[in-house]
Amino acid sequence: MRITVLANPKRFLDLSRVLVPWFLGATVVLLGGGLYWALFNTSPDYQQGESVKIMFVHVPAAWMGIFVYAVMAGASLTGLVFRHPLADVAAKSAAPLGAAFTALALLTGSLWGRPMWGTYWQWGDARLVSELILLFIYLGYIALWNAIDDPVRAAKAAGILSLVGAADIPIIHFSVDWWNTLHQPASIIRPGGPTIDASFLWPLLMMILGYQMLFFWLWLVRMQTEILDRRGRALMMAKGA
């Protein structure tokens, strides 16, 4: 399906109403099954003990913070270059979800770091600081949308910010390779394949997929709400005129 097919808001709404229940069902199955598998069918780690199970919440949240930002930046680029009528809706709707995932990653990472590193936070750690910067970029993007009344100007300003902020994504990913940090090196997406044992890897991948289904479900619902809200404002302005 070409992206131009979804340029019509009505067509998008019709398609999204079909997809939303499927994404919701996939979310429930994957997250429910993944959590049960992770909590009750995995053994404690020989070094980390039961605290290793924070990984099943933290790692998917950290991945989704980056993934959602890539979606947001891609939508912003599409809006700025191709003037797609729903691109700014997609980017605006994704931002709060990405901020929530990033905040969850920071919170669970701190809880995981305390027993592993002896501290909740270390300002000298490049992965932690670059992840915090990502959260600030998300919040700045959301604030910029709310600060400008004209939606066209707001979309353009926020889109430019999202593209500039995209420079933080490779920094987050490669920070553990470029600098000596407390954070462990990449253990899933790396040359030579994952280093995590299969008993942890498969439920972790299930949780990551569940988080993605959760994002797609909430993203479509938020886009539906944004489109209907814009329609309502347009009708009110037309009546007022």
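What counts as what
Residues numbered from 1 in each chain as written. Predicted model: local features only at pLDDT ≥ 70, side-chain atom pairs only at ≥ 80, totals over all residues. Heavy atoms only, no water. Axes fitted to C-alpha atoms, helices over the stretch in contact; angles between N-to-C directions. Helix = DSSP H or I, 4+ residues; strand = E, 2+ residues; numbered from the N terminus. Parallel < 35°, antiparallel > 145°, perpendicular 65-115°, else oblique. Left-handed = near helix turned anticlockwise from the far one by under 90°. Contact = heavy atoms within 4.5 Å. Nonpolar A, V, L, I, M, F, W, Y, C, P; charged D, E, K, R; others polar. Phe/Tyr/Trp six-rings, centres within 6.5 Å; stacked < 30°, edge-to-face > 60°. Buried < 20%, exposed > 50% of the residue type's maximum accessible area, 1.4 Å probe, protein only. Salt bridge = Lys/Arg side-chain N within 4 Å of Asp/Glu carboxyl O. Patch = residues over 30% accessible without salt bridge, like charges linked within 9 Å, V, L, I, M, F, W, Y side chains within 5 Å. Areas by Shrake-Rupley, 256 points an atom, 1.4 Å probe, with all protein chains shown as cover. Core = buried A, V, L, I, M, F, W, Y, C linked by side-chain atoms within 4.5 Å. Expected span 1.5 Å × (residues − 1). Arc of directions from axis to C-beta. Polar contact = N/O pair within 3.5 Å; in protein donor to acceptor, adjacent residues only side chain to side chain.

Q: Now, about the packing of helix α3 (residues 87-117) against helix α4 (residues 126-147): what can you tell me, with residues and values included?
A: The geometry of α3 relative to α4 is characterised by a closest axis approach of 9 Å and an angle of 150° between their N-to-C directions. Taken together, the axes of α3 and α4 are roughly antiparallel relative to one another. Remark: the crossing between α3 and α4 carries left-handed chirality. Taking contact as the criterion, the partners of Asp 88, Ala 91, Lys 92, Ala 95, Pro 96, Gly 98, Ala 99, Thr 102, Ala 103, Ala 105, Leu 106 and Trp 117 in α3 are, on α4, Leu 128, Glu 131, Leu 132, Leu 134, Leu 135, Tyr 138, Tyr 141, Ile 142 and Trp 145. Among the residues forming the contact of α3 with α4, the class breakdown is 16 nonpolar, 2 polar and 3 charged.

Q: Lay out the packing of aromatic side chains with the relevant residues and their values.
A: Taken as a whole and assessed by the stated rule, the structure comprises 11 aromatic pairs. A ring pair is formed by Tyr 36 and Phe 40, whose centres lie 5.1 Å apart and whose planes are at 45°; its orientation type is tilted. Of this pair, Tyr 36 and Phe 40 both sit in helix α1 (residues 9-40), separated by 4 residues, roughly a single helical turn. On the basis of relative accessibility, which here comes to 58%, the residue Phe 40 falls in the exposed class. Arranged with centres 5.2 Å apart and planes meeting at 15°, the rings of Phe 215 and Trp 219 form a pair that is stacked.

Q: For the pattern of salt bridges, give the residues involved together with the corresponding values.
A: For the structure on display, the rule yields 5 salt bridges. Across the salt bridge formed by Arg 17 and Asp 14, the nearest N and O atoms sit 3.6 Å from each other. In this pair, Arg 17 and Asp 14 both sit in helix α1, 3 residues apart, roughly one turn of the helix. On the basis of relative accessibility, which here comes to 47%, the residue Arg 17 falls in the partly exposed class. Ionic contacts of the salt-bridge type, sharing partners, join the residues Asp 88, Lys 92, Glu 226 and Arg 230 into one network.

Q: Can you tell me about the environment of Gly 159, naming the residues and giving the values?
A: Locating Gly 159 in the fold gives a position in helix α5 (residues 151-165). Leaving out residues up to four positions away in the same chain, Gly 159 has contacts with Ser 76, Leu 80 and Tyr 141.

Q: Could you give an account of unusual backbone geometry, naming the residues involved and the relevant values?
A: Unusually for a residue other than glycine, Arg 83 sits at a positive phi of about 55°. Counting through the fold element by element, Arg 83 comes out in the loop between α2 (55-82) and α3.

Q: I'd love a proper account of the environment of Gln 122, names of residues and values included.
A: Here Gln 122 lies in the loop between α3 and α4. Taking the C-alpha atoms as reference points, Gln 122 and Ser 110, 12 residues apart in sequence, are found 9.4 Å from one another.

Q: So, a nonpolar patch on the surface: which residues are in play, and what are the values?
A: The grouping of Leu 35, Tyr 36, Leu 39 and Phe 40 at the surface amounts to a nonpolar patch, some 430 Å² of accessible area in total. Mapped onto the fold, Leu 35 is located in helix α1. Taking the relative accessible area as the measure of exposure, Leu 35 reaches 36% and is therefore partly exposed.

Q: Explain the side chain of Ser 93 residue by residue, including any values.
A: By the secondary structure assignment, Ser 93 is in helix α3. In this structure Ser 93 comes out as buried when scored by relative accessible area, which is 2%. When neighbours within four sequence positions are excluded, Ser 93 is seen to be in contact with Trp 219, Arg 222, Met 223 and Glu 226.

Q: With reference to specific residues and values, describe the nonpolar core.
A: If you look at the biggest cluster of nonpolar residues, it comprises 60 residues, and the most contacted ones within it are Met 55, Val 68, Tyr 69, Phe 215 and Trp 219. Put simply, the parts of the chain that give this core at least two residues each are α1, α2, α3, α4, α5, α6 (168-178) and α7 (198-240). Apart from the residues within four sequence positions on either side, Met 55 is in contact with Pro 60, Trp 112, Ile 196, Phe 200 and Leu 204.

Q: I'd like a rundown of α5, residues and numbers included.
A: In an α-helix there are 3.6 residues to a turn, and that puts residues three or four apart on one side. Between its terminal C-alpha atoms α5 stretches 20 Å, which fits the 21 Å expected from 15 residues at 1.5 Å a residue. Looking only at α5, the buried set comprises Ala 154, Ala 155, Ala 158, Gly 159, Ser 162 and Gly 165. The buried residues of α5 occupy an angular sector of 130° when the element is viewed end-on, so they sit on one face. Facing away from the buried side of α5, by more than 90 degrees, are the exposed residues Val 152, Arg 153, Lys 156 and Val 164. The backbone nitrogen of Val 152 has a side-chain oxygen 3.2 Å away, supplied by the residue at the start of α5, namely Asp 150.

Q: Talk me through the packing of α2 against α5; I want residue IDs and the actual numbers.
A: Any two packed helices are characterised by the angle at which their axes cross and by the distance between the axes. Contact geometry of α2 with α5 gives a least axis separation of 9 Å together with a crossing angle of 130°. Judged on the interaxial angle alone, α5 and α2 are oblique. The handedness of the crossing between α2 and α5 is left-handed. From α2, Tyr 69, Met 72, Ala 73, Ser 76, Leu 77 and Leu 80 reach across to α5, where they touch Lys 156, Gly 159, Ile 160, Leu 161, Ser 162, Leu 163 and Gly 165. Taken together, the residues of the contact of α2 with α5 sort by class into 8 nonpolar, 4 polar and 1 charged.

Geometric descriptors of this kind do not, in isolation, establish any biological role.
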